[in-house]
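Chain and residue survey
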Amino acid sequence: MHGRAGKELLELVRGTFKILLVLATPISCGLPFVADDIVPLLYGDSFVEAVPVLVLLGLSLPFAFGNLFLFNVLAGIREHQRMMYVSMVGTGLGIALFWLGIEYGGVKGASVAYLLTVILLASLYFVVCWQRLGFPLRRWDLARIGACNLIMVTVLWAIGNMGMAVVISVGAVVYVVAVFSLRLIAWNEMRAVFRPRRSGES
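About the cut-offs
- Residues numbered from 1 in each chain as written.
- Predicted model: local features only at pLDDT ≥ 70, side-chain atom pairs only at ≥ 80, totals over all residues.
- Heavy atoms only, no water.
- Axes fitted to C-alpha atoms, helices over the stretch in contact; angles between N-to-C directions.
- Helix = DSSP H or I, 4+ residues; strand = E, 2+ residues; numbered from the N terminus.
- Parallel < 35°, antiparallel > 145°, perpendicular 65-115°, else oblique.
- Left-handed = near helix turned anticlockwise from the far one by under 90°.
- Contact = heavy atoms within 4.5 Å.
- Nonpolar A, V, L, I, M, F, W, Y, C, P; charged D, E, K, R; others polar.
- Salt bridge = Lys/Arg side-chain N within 4 Å of Asp/Glu carboxyl O.
- Buried < 20%, exposed > 50% of the residue type's maximum accessible area, 1.4 Å probe, protein only.

Now for the packing of helix 3 (residues 61-76) against helix 4 (residues 80-132). Axis separation between helix 3 and helix 4 bottoms out at 9 Å; the angle between their running directions is 155 degrees. Classified by the angle between their axes, helix 3 and helix 4 sit roughly antiparallel to one another. Judged by the twist between their axes, the crossing of helix 3 over helix 4 is left-handed. Counted together, F63, A64, N67, L70, F71, V73, L74 and A75 of helix 3 and H80, M83, S87, Y114, V118, I119, L121, A122, Y125, F126, V128 and C129 of helix 4 form the full contact between these two elements. Across the contact of helix 3 with helix 4, the residue classes tally to 17 nonpolar, 3 polar and no charged.

Structure representation (structure tokens):
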């Protein structure tokens, strides 16, 4: 895809992908601070060994979001052949990873295998999208997302174990303030991504 249409699509992809990561990454980074409270609250103390599994699944969230998003982007520009190859490679390696994970690590090993599989698939789709459209993220945006999460994690580490409600509230406030302070997202970007387009609107 070339010309003006290709540039507009790339900008839409970059804006949407950025918002997805802004929403997903703080969950992944913040979950380790409250996982010890969430699992007993939901399932009881007898399931406390599932805490590492929850943390691993949380870490996979941005990659799972990216996987689904980039899959749909590539489907929209009719890159079906490359998608098929990526899916075949990812599925094959994923099956091998799950076998090894379950064989040697049980449930935790399966969680690690899932995390590695979604990272692999998201990375492959990212490369294909990069080759076809251009780099799907502005590098400066990626750096600012990392900075916002680093600020949040630093604050959560500093306040220690003050209870799940306090940790979630403080983490959310700090992250939102960091996002808007670093001008990572503007309100007009949110409206542009989530506002439904009318028929015939260019």
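Under the definition given, this model contains 7 salt bridges. Of the charged contacts, one joins E11 and R138 as a salt bridge, the two residues approaching to 2.6 Å between their closest N and O atoms. Taken together, the positions of E11 in helix 1 (residues 3-43) and R138 in the loop between helix 4 and helix 5 (139-159) put the pair 127 residues apart, joining distant regions of the chain. By relative accessible area, E11 is classed as partly exposed at 37%. Taking the shortest distance from any N to any O, the salt bridge between K18 and D141 comes out at 4.0 Å. Of this pair, K18 sits in helix 1 while D141 sits in helix 5, and the two are 123 residues apart along the sequence. Accessibility classification places K18 together with D141 in one group, the buried group. Taken together, the salt bridges that share partners define one network made up of E11, R14, K18, R138, D141 and R144.

Geometric values such as these leave the question of function open.
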